[in-house]
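These are the residues of each chain, in order.
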Amino acid sequence: MEEGARSCLLQSRSSLEQDIRASYLMDHMISDGVLTGDEEDRIRSKPTRREQAVALLELLLRKDNQAYISFYNALVRESYGDLASLLHNSLPLVSPEAEKSFSDGGTRYVQAVLSEGGVPQRPVVFVSRPALMNRVREKLYRLQKEPGWVTVFGMAGSGKSVLAAEAVRDHALITECFPGGVHWLSIGQLDRSDLLVRIQSLCFRLEQQSQEKDPSSSLHRPPGSLEEAKERLRFLMLRRYPRSLLILDDIWDSSVLKAFDIQCRVLLTTRDRSLADCVSGPKSEVAVESGLEEGQALEILALYVNRKPQRLPEQARSIVRECKGSPLVVSLIGALLREFPDRWAYYLHTLQQKKFKRIRKSSSYDYDALDQAMAASIQVLSEEHRELYIDLTVLEKDVKVPAKVLSVLWDLEPEEVEDVLQDFVNKSLLFRDCHHRPYLYYLHDLQLDFLAEMNRSGLESLHTKVVRQYQQRYSKGPPTSGDEECLYWFRFLTYHMAKANLTQELYSLMFSLDWVRTKAQIMGPAHLINDYLEYSTILDKEEFSVPLQLALSQPDSSEVYRQALLQAQERATRGGLYLDWVNKSSLKSLSRLVVQPHQGSIYSACFSHDGTKIASCGSSKTLRVFKSTSGEKLLEIQAHDDEVLCCAFSLDDHLLATCSSDRKVKVWNVERGTLMRMFEDEHEEQVNHCQFTNTRRRLLLATCSNDKFMNTKNTMFGHLEPVNHCCFSPDDAYLSTSSSDGTLKLWEVSSANEWKSIDVADMFPEQREQTEVMVKCSTWSAGGRTIICAARNAVFVFDVETAAMLLEIRTSRLSTVQYCHACPSSNLVAIALSHYAVELWDIETSKKMADCSGHLSWVHGVQFSPDGSLLLSCSDDQTVRVSVCVCICASAVCLSIICPICLHQLTLLVRNGRTGAVMFQSENQESRIRCTAICSQTSAVGLGREDGTIQVLEVPSGTSLATLQGHTRTVLHCQFTPEGHTLITSSEDTTIRVWRWRTGECVVLEGHKEQVRCFSLLTTTPSSETHLLSWSFDGTIKVWDMSSGERLQDLVCHQGAVLACDVSPDGQLFATTSADKTAKVWSSASWECVRLLNGHQDCVRSCRFSWDGRRLATGDDNGEIRICSRDNKDAMDSLHGGWVTDLHFSPDNTVLLSTGGYIKWWNVEKGEALQTFYPTGANLKRIHVSPDFSTFVTIDNIGILYILKKVE
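Definitions and cut-offs
Residues numbered from 1 in each chain as written. Predicted model: local features only at pLDDT ≥ 70, side-chain atom pairs only at ≥ 80, totals over all residues. Heavy atoms only, no water. Helix = DSSP H or I, 4+ residues; strand = E, 2+ residues; numbered from the N terminus. Areas by Shrake-Rupley, 256 points an atom, 1.4 Å probe, with all protein chains shown as cover. pLDDT = per-residue confidence, 0-100. Contact = heavy atoms within 4.5 Å. Patch = residues over 30% accessible without salt bridge, like charges linked within 9 Å, V, L, I, M, F, W, Y side chains within 5 Å. Salt bridge = Lys/Arg side-chain N within 4 Å of Asp/Glu carboxyl O. Lys, Arg positive; Asp, Glu negative; His and termini not counted. Charge placed at Lys NZ, Arg CZ, Asp CG, Glu CD. Phe/Tyr/Trp six-rings, centres within 6.5 Å; stacked < 30°, edge-to-face > 60°. Buried < 20%, exposed > 50% of the residue type's maximum accessible area, 1.4 Å probe, protein only. Axes fitted to C-alpha atoms, helices over the stretch in contact; angles between N-to-C directions. Parallel < 35°, antiparallel > 145°, perpendicular 65-115°, else oblique. Left-handed = near helix turned anticlockwise from the far one by under 90°. Pairing = 2+ DSSP bridges. Polar contact = N/O pair within 3.5 Å; in protein donor to acceptor, adjacent residues only side chain to side chain. UniProt positions renumbered as here; feature names shortened; annotations may be inferred. Core = buried A, V, L, I, M, F, W, Y, C linked by side-chain atoms within 4.5 Å. Arc of directions from axis to C-beta.

K.L.:
What should I look at first to understand the overall build of the protein chain in this one?
P.N.:
What the protein chain contains, in helices and strands, is 32 helices and 68 strands. Split by element, the accessible area of the protein chain, about 51200 Å² in all, is 47% carbon and sulfur.

K.L.:
What's the story with the confidence of the model for the protein chain in this structure? I'm lost.
P.N.:
Interpretation of the predicted coordinates at a detailed level should be avoided for regions scoring low in pLDDT. Chain-level pLDDT for the protein chain is 82 on average; 87% of the residues reach the 70-or-more range. Across residues 541–546, where pLDDT falls below 50, the model places 12 contacts with residues more than four positions away in sequence or in other chains. Overall, residues 886–904 carries pLDDT values under 50, and its contacts beyond four positions in sequence, including any with other chains, amount to 81 contacts.

K.L.:
Hey, could you run me through a negative patch on the surface in this one?
P.N.:
A cluster of acidic side chains, namely E384, D411, E413, E415, E416, E418 and D419, defines a negative patch on the protein surface. Per element, the largest residue contribution to the negative patch is four residues, and it comes from helix α23 (residues 414–426).

K.L.:
I would appreciate a short explanation of the packing of aromatic side chains in the present structure.
P.N.:
Centre-to-centre distance and the angle between the planes together describe a pair of aromatic rings. What the rule picks out here adds up to 20 aromatic pairs. Here Y488 and F492 contribute two aromatic rings whose centre-to-centre distance is 4.9 Å and whose plane-to-plane angle is 40°, an arrangement assigned as tilted. Of this pair, Y488 and F492 both sit in helix α26 (residues 484–499), four residues apart, which is roughly one turn of that helix. Here Y488 and F492 have matching classes, each one buried. Taking the centre distance of 6.1 Å and the plane angle of 80° together, the rings of F976 and W997 count as edge-to-face. Here F976 is found in strand β46 (residues 971–976), whereas its partner W997 is found in the loop between β48 (992–996) and β49 (1001–1005), with 21 residues between them in sequence.

K.L.:
I would appreciate a short explanation of the packing of helix α16 (residues 294–305) against helix α18 (residues 327–339) in the present structure.
P.N.:
A packed helix pair is summarised by two numbers, namely the angle formed by the two axes and the spacing between the axes. Running from N to C, α16 and α18 cross one another at 25°; their axes reach a closest spacing of 8 Å. The orientation of α16 with respect to α18, classified from their angle, is roughly parallel. Where α16 crosses over α18, the handedness of that crossing is right-handed. Packed against α16, whose contacting residues are A297, I300, L301, Y304 and V305, the element α18 presents V330, S331, G334, A335, L337 and R338 at the interface.

K.L.:
What should I look at first to understand the pairing of strand β13 (residues 622–627) in this one?
P.N.:
Successive residues of a regular strand alternate their side chains across the two faces of the sheet. Burial analysis of β13 places five of its six residues in the buried class, the great majority of the element. With five bridges connecting them, strand β12 (residues 613–618) and β13 associate as antiparallel partners. In the strand pairing of β13, I614 is matched with F626. Connecting β12 to the antiparallel partner β13 that follows it, the hairpin turn spans three residues, and K621 within it adopts a positive phi of roughly 70°. Counting the residues in the hairpin turn of β13 and strand β14 (residues 633–638) gives five residues, including G631, whose phi is positive at 80°.

K.L.:
Hey, could you run me through the side chain of N724 in this one?
P.N.:
With respect to the element layout, N724 can be found in strand β23 (residues 723–728). Here the side chain of N724 touches V775 through a polar contact of 3.0 Å, landing on its backbone oxygen. Filtering out sequence-adjacent residues up to four positions away, N724 remains in contact with N688, H689, C704, S738, S739, S740, M774, V775 and K776.

K.L.:
Whenever I open this one, the UniProt feature "repeat: WD" (unreviewed entry) in the protein chain confuses me. Can you help?
P.N.:
Under the feature "repeat: WD" (unreviewed entry), the UniProt entry names residues 637–678, 716–757, 852–882, 964–1005, 1005–1050, 1051–1092 and 1093–1123. In residues 1093–1123, the share of helix is 0% and the share of strand is 55%. The end C-alpha atoms are 10 Å apart.

K.L.:
Is there a simple way to think about the sheet that holds strand β66 (residues 1183–1185) in this case?
P.N.:
Across the sheet, four strands lie side by side as β9-β68-β67-β66; this open sheet has antiparallel pairing. Two strands in the sheet have a free side with no partner beyond their single neighbour: β9 (579–581) and β66. Within this sheet the neighbouring strands show an average axis-to-axis angle of 25°, counted without direction. As defined by bridge partners, β9 adjoins strand β68 (residues 1201–1206) across three bridges and the pair is classed as antiparallel. By the bridge assignment for β68, D580 is matched with K1205.

K.L.:
Even after reading the chapter, I still don't get the pattern of salt bridges, so can you show me in this structure?
P.N.:
Oppositely charged side chains may form a pair once their charged atoms are brought near each other. Enumeration over the complete set of coordinates arrives at 36 salt bridges. R50 is paired through a salt bridge with E17; the nearest N and O atoms lie 3.8 Å apart. With R50 in helix α5 (residues 49–60) and E17 in helix α2 (residues 13–19), this pair connects stretches of sequence that are 33 residues apart. Classification of E17 by relative accessible area gives buried; the value is 11%. Between E636 and K633 there is a salt bridge; the shortest N-O distance is 3.1 Å. Each of R13, E17, R50 and E58 takes part in a single network of salt bridges with overlapping partners.

K.L.:
Honestly, the environment of F717 in this entry has me stumped. Any pointers?
P.N.:
Among the structural elements, F717 can be located in strand β22 (residues 715–717). The exposure class assigned to F717 is exposed, which follows from its relative accessible area of 59%. Sequence-wise, F717 and D707 are 10 residues apart; in three dimensions their C-alpha atoms are separated by 10.0 Å.

K.L.:
What's the story with the packing of α26 against helix α27 (residues 503–510) in this structure? I'm lost.
P.N.:
In contact at an axis separation of 8 Å, α26 and α27 are set at 155° when each is read in the N-to-C sense. Comparing the axis directions of α26 and α27 gives the class roughly antiparallel. Read as a crossing pair, α26 and α27 show a hand that is left-handed. Each of L493, T494, M497 and A498 in α26 lies in contact with α27, whose residues at this interface are E505, L506, L509 and M510.

K.L.:
In this structure, what is going on with the sheet that holds strand β30 (residues 805–810)? I would like to understand it.
P.N.:
Sheet strands line up and pair through hydrogen bonds in the backbone, either parallel or antiparallel. An order of β27-β28-β29-β30 is seen for the four strands of this open sheet, with the pairing classed as antiparallel. The outermost strands of the open sheet, each flanked by one partner alone, are β27 (775–780) and β30. The mean inter-strand angle of the sheet, taken between neighbouring strand axes irrespective of direction, is 20°.

K.L.:
Is there a simple way to explain the nonpolar core in this structure?
P.N.:
The nonpolar side chains of a soluble globular protein tend to be buried with one another. Of all hydrophobic cores here, the largest spans 56 residues; its most connected members are Y389, L392, W410, L421, F424 and W489. Apart from residues no more than four positions distant in its own chain, W489 is found in contact with V405, V408, V466, Y470, Y474, P479 and W515.

K.L.:
Explain unusual backbone geometry here, please?
P.N.:
For residues that are not glycine, phi is negative in most cases, and the peptide bond is trans in most cases. Residue P956 follows V955 across a cis peptide bond; omega there is 15°. Structurally, P956 can be placed in the loop between β44 (950–954) and β45 (960–964). Phi angles above zero are rare outside glycine, and R243 is one such case at about 55°. Within the element layout of this structure, R243 appears in the loop between α14 (226–240) and β3 (245–251). Overall, R243 belongs to the partly exposed group, its relative accessible area being 32%.

K.L.:
Got a minute to help me understand the environment of Y535 in this structure?
P.N.:
Following the sequence through the fold, Y535 ends up in the loop between α29 (525–534) and α30 (536–541). Residue Y535 is classed as buried on the basis of its relative accessible area, which comes to 6%. Considering only alpha carbons, one finds Y535 and T503, 32 residues apart in sequence, at a separation of 9.7 Å. With near-sequence residues (within four places) excluded, Y535 lies in contact with T494, Y495, A498, L506 and M510.

K.L.:
Hey, could you run me through helix α17 (residues 314–322) in this one?
P.N.:
Residues spaced three or four apart along an α-helix face the same direction, because each turn holds 3.6 residues. What α17 keeps buried is the set A316, I319 and V320. Seen from one end, α17 has its buried residues packed into an arc of 95°, which puts them on one side. Exposed residues pointing more than 90 degrees away from the buried face of α17 are listed as E314 and R321. Among the structural elements, α16, α18 and α19 (344–352) are those in contact with the buried residues of α17.

K.L.:
Explanation requested: α27 in the structure shown.
P.N.:
Listed in full, the buried residues belonging to α27 are T503, L506, L509 and M510. Viewed along the axis of α27, the buried residues span an arc of 125°, placing them on a single side of the element.

K.L.:
I keep staring at the pairing of strand β65 (residues 1168–1173) and nothing clicks. Help me out?
P.N.:
Across five bridges, the pairing between strand β64 (residues 1159–1163) and β65 is antiparallel. Note that in β65 the partner of W1161 across the bridge is Q1171. Taken together, β64 and the strand that follows it, β65, pair antiparallel across an intervening segment of four residues, in which G1167 is found at a positive phi of about 70°.

K.L.:
Explain the side chain of T1078 here, please?
P.N.:
Secondary-structure assignment places T1078 in the loop between β55 (1069–1074) and β56 (1079–1083). In terms of polar contacts, T1078 uses its side chain to reach the side chain of D1076, at 2.6 Å. Each residue touching T1078, except ones within four places of it in the same chain, is listed here: H1054, T1072, T1073, L1092, L1093, N1094 and V1100.

Below is the structure:
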């Protein structure tokens, strides 16, 4: 704004503040485009009319000529003629050229002030960074009333000097805050004598300018010492240039900075954030990001080569990505390209090959080449710290490490390591991720590339040092804590061994049982397999082979699989047992979609309410929207200036909210990708979470932050520590908030009052005094009656009305819960874990329904689709996964498999038992399918439903052959008799029904008092009549005549529920197992118990006779398998791990198969495990075995079908 117009505003200010109504004027100014919606909101937020007028005029004084004219016109339109007349004579004349100079602060006055002060001119090639520049100006405005320090810090070449010069290129800033002028002094790396020369030069310049303004003042002799120079400068800055700004560019040393501690206003640029700690006075700082946004970097390259950004070659984007937008690198290469415009590929290759010396000076930067700029930062370190920094050469790109890892590497105490790392961070040699506790540290790609180039000849020895230090620290076995340090070693120890060329030690590690077992337990099999694949070429050189069973699970097209199959076939001839997963392509159906939308960690992903779109955000600072079916990108926005921590759709899917570490909340138009609203003053710290309301009554957006309060329409105070998460109830009546203070709070949305507070920290009494309990998040059940929250390694379910805890779910002690989300259509809750997995739990039954792996790093978020059929997860591994939620009931006869699919189990699939190919798929049923059976004599399948109905369908036509009704509750089991004319069913209604299914005739077997989960056909001799043996949770066994329905025997077998029963092959014996921890063997002739089997320490869940009837195997919930023989001797006592749900003997009785969380084959005589197969899911309930014991069929609880064939 011109000086005349500005002076007129200041002179008329009191009259204007007294009379104007700002709300009337702002509508006109918004229409003219000189005022934004956010600025209007800030002014309207003032409580009184006068305060609103004051705020409007303060804002107006910072704007340009056009704003003055718009304000004048608004006064005229709103009948403030007398006030408009005060401004009329000072109306500026605006031309396009003049307006351009005003808009960038380049007025003649500004140019004169900066030129006199020695401030560098704007570079010939310049791209604005408005967000950063405004942040610096905001800090400079704090120096208006008192002296102080503003530190602009960042790594080498991040654009600090240009930013500092640009920040003061503002008329309003200079006139309001620094009317005494702006004085620039370039420092660099100076010794004491050089520093004296610089200050002498500055003092002479200031005295000379003072004499020009006041001829009576005289020039003094140059100060002879540093102390004298400091005092001379103090006098000049306080007496002759009060309220001036001193800019110290490129400060390296605190001793240098102390020379300017003279109680004046200072802006300094540095690579060392901590330098200002040595001086007195108020301090503030601005961190300069290490890289430009891609669009800004491309614009710089385009200006250098005189092209439009969209016409740059593809190598331009690759150059920007390779250097991660470093302003220095982009400028250096751009200047070189101006001279040699055809060398795009050459300079890209130079950058990729880390030949930094070839990227040489062609600008005004202080260093001749890129490598010199990088080396300068390292040279200022002490010799001891320089050696430690060089050790960081071994880190991988984009990998963040905790201090504990470096404590092992450097053999220092963790506290010492943190002090060293803090020094590196302060000097912009290292970056710190503050979103994790403990902190994680990482290097910029350029820094890593420079270190790798500088230490190329010593890389092998540096990696060897890592391995040796690890071996020294963990000589007794690998770490098992499950924390970040433990995870680092399991992920990267093999990498360090390979880089160190320690092939023999790599082989020993990868085939160490302790290492394999612990890594599989902590990280899952995916990482383990990846190691064997990645280092297979190294191992092959030593004639080593990968573990065959893991390799046999690889795709059939892979070389790893082909080689493993050949080796397995050869070993099978020598008695080895290996299983080939012949339908492994079915695994593809588990993850319906896997996309990598961002470069960097993904912190949040969410479905749109119509389920067609997914939004994601993370450390890349971008927001991306893509189709949920195909992953096709619909929208990509550079959303924030720092990491984007959360994103959320509005109910109508027209809006998307994002929140960030930059303390801002933004609302975007989804269709156009435009910014609709920005909230930047509501929070003082990073904003952790945001969510829109769930109903159409009114649109509210809730946000929460590290500043300990939460915003909707009103601000809600109450938490004592950062608020990590907020969530509306399904009806929007309440809002839940989760905090690091260990509490979960419920608020009334209408009044913004606290309704309930639940102290979750009380659930950890043994740990509360030692460490804080952080409540990570909360989620409401579908009906809103319960609230679920996550803290540490646990999930708690509370009753909303009473705040009573209903359920506690404890996950692995080696992991922490990162997020949880309740399914909107069922009792499932999804839990995201730090050990790279997602677990699905049923909160009604308190059972884990699935254990999903697939991610290769921490899982930060999970969300069900609105209909509950899909599950979304996002991770540090830079992927978003969309998985089909599948609950499985399976039954099979011979090798045909029936499996209802989809969440509600409404569809029946019949697959070929040898190939897994789909033979038949039914239409959706009216009720959930709970059991199935195949008729071996006809092409018919039977299915039992939750509503008590039984249907018989013809395969493959799908024609309904019979609909049988009679059961009043869920049908739990169904089975055809061998001749196929009869279908037997059992139900939760405690009855068994024997159907002549073609005619609908039915015999009802009544007598059990609890649900009948299963039954078996009992034939004591080949010529005798077949009876029915049933068992129930009521602890009884009953024998029935199927023709008449007569109950032949009624045995009270156990004190607890009968869980399993098996009939010996000759029909003379049957065995029962129970929740009372016992198993019993019964005679079919006398109906008496002939043997009581004690010894199990938990519920005995399964049993099976050997084919010769001489042995009985039993398995319990503690994972123990016991085999007893007819001579009363225990033949085997082994641990399976987890519940033992099914058992099968081989036809020759030498091998026993057991299932539970995985499948194991045992040598019966020795009790040794012959082989183990790990499914992707968990909780295998049954397995179906071919008569020749060569094919095995099962389904895990996330819906993956396994057809395993013995390798021969």
